[in-house]
Amino acid sequence: MIRSMTAYARHSASLDVGQLTWELRSVNQRFLDVGLRLPEEFRALEPGVRSRLKARLGRGKVDVSLKFQPDASATAAEMRVNLELARTLVNAHDEIAELAGGSAEPDLVHLLSWPGLIEQGEGEFEQAYEPALAAFDRAIDELIAAREQEGRAIAEMLEQRLAGIETQSREVRERLPEIRRALDTRFRERLDALAVEAEPGRVEQEVAIQLLKLDVDEELDRLEAHVAEIRRVMQLDEPVGRRLDFLMQELNREANTLGSKATLAEVGQAAVELKVLVEQMREQVQNVE
């Protein structure tokens, strides 16, 4: 089953310390590229988050953010004032006021917002690390499920185009006898126009040489082989985007070769249709993990 690299997932969990919400967004990328935004209280989770993503995702640019809403009662129980820092801030305020030639009462609202003035116990957050990672695992589950759902839509589109390639290949095969007759007729008409009598068997020999140069059986065989391989690869339970991208290049090469050998307008049109189908698939394959 193929997976898309474009997906979104969101999972929330209520813990003793407050409410956690994981958000994961992924888009196509050649390799796995992880961007993290974690609150300071959960910064220690970064190695675990990265290792979990690496173990379960193969490709894609994944942006991970964790939103934390602390529980008011739990936060109040763990709060304490850094008295040493508070004294330092008040003394600094008094010194600056004296230098300014006056006196003023400290602005407590601004002092309380000073980083590190209000400390919170770390033990409570450390106990929340494992539940937070468990919630992250469920968010990854949801992201993978979204990738698989999008992957099924891509697989359906690819299958429709593969069927179109088979149709074009079948129609060209059906026209091969007509191609050979047209070439034989064209060659004889040109020979008659020159009013030159050819050696016995020479016409047949020249026609055979031209048919060999313009033979498309091999290209049609390879097209059908690539179609079968794409279907096989799409069933693999692993990231297959790079394989599919390579197969798209091979399909395009065969379509180009077929077009260069076309001797009938209908065959040239079939080559164009093949290239359109391949390009439509290639655009979608760029998004496959």
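Look up a bit, the structure's there.
Note that this is a predicted model, so its numbers are computed, not measured. (Residues numbered from 1 in each chain as written. Predicted model: local features only at pLDDT ≥ 70, side-chain atom pairs only at ≥ 80, totals over all residues. Heavy atoms only, no water.)

Visitor: So what exactly am I meant to see when it comes to the overall build of the chain here?
Guide: In terms of helices and strands, the chain carries 9 helices and 6 strands. Counting every position in the chain, which comprises 289 residues, the buried fraction comes to 36%. A separation of at least 24 residues holds for 79% of the contacts in the chain among residues at least 6 apart in sequence. (Helix = DSSP H or I, 4+ residues; strand = E, 2+ residues; numbered from the N terminus. Buried < 20%, exposed > 50% of the residue type's maximum accessible area, 1.4 Å probe, protein only. Contact = heavy atoms within 4.5 Å.)

Visitor: I would appreciate a short explanation of the environment of Phe136 in the present structure.
Guide: Relative to the helices and strands, Phe136 resides in helix 5 (residues 123–194). Relative accessible area serves as the criterion here: at 0%, Phe136 is assigned to the buried category.

Visitor: Is there a simple way to think about the sheet that holds strand 1 (residues 7–15) in this case?
Guide: Note: strands within a sheet are paired through backbone hydrogen bonds, in either parallel or antiparallel orientation. With mixed pairing, 4 strands are arranged side by side in an open sheet as 1-2-4-3. The sheet terminates laterally at strand 1 and strand 3 (32–37), the two strands that pair on one side only. Adjacent strand axes in the sheet meet at a mean angle of 15 degrees, parallel and antiparallel pairs treated alike. Sheet analysis places strand 1 next to strand 2 (residues 18–27), joined by 9 bridges and oriented antiparallel. For Ser12, the partnering residue across the bridge sits in strand 2 and is Thr21. Its contacts with the sheet put helix 1 (residues 46–56) on strand 2, strand 3 and strand 4 (60–70), and the angle it makes with strand 3 is roughly 150 degrees. (Pairing = 2+ DSSP bridges. Axes fitted to C-alpha atoms, helices over the stretch in contact; angles between N-to-C directions.)

Visitor: Is there a simple way to think about helix 1 in this case?
Guide: Because the α-helix completes a turn every 3.6 residues, residues three or four places apart line up on one side. All of the buried residues in helix 1 are Gly48, Val49 and Leu53. End-on, the buried residues of helix 1 take up no more than an arc of 130 degrees, which puts them together on one face. Summarising the geometry of helix 1, the exposed residues directed more than 90 degrees from the buried face are Pro47, Lys54 and Ala55. (Arc of directions from axis to C-beta.)

Visitor: I'm lost on the environment of Lys261 in this one. Help?
Guide: Here Lys261 is to be found in the loop between helix 8 (241–260) and helix 9 (265–285). In this structure, the C-alpha to C-alpha distance between Lys261 and Val216, residues 45 residues apart in sequence, is 7.2 Å.

Visitor: Please clarify how the side chain of Ser26 should be interpreted in this entry.
Guide: By the secondary structure assignment, Ser26 is in strand 2. For Ser26, a relative accessible area of 2% translates into the label buried. A polar atom in the side chain of Ser26 sits 2.7 Å from the backbone oxygen of Met5. Residues in contact with Ser26, not counting those within four places in the same chain, are Met5, Thr6, Ala7, Lys61, Val62, Leu143 and Arg147. (Polar contact = N/O pair within 3.5 Å; in protein donor to acceptor, adjacent residues only side chain to side chain.)

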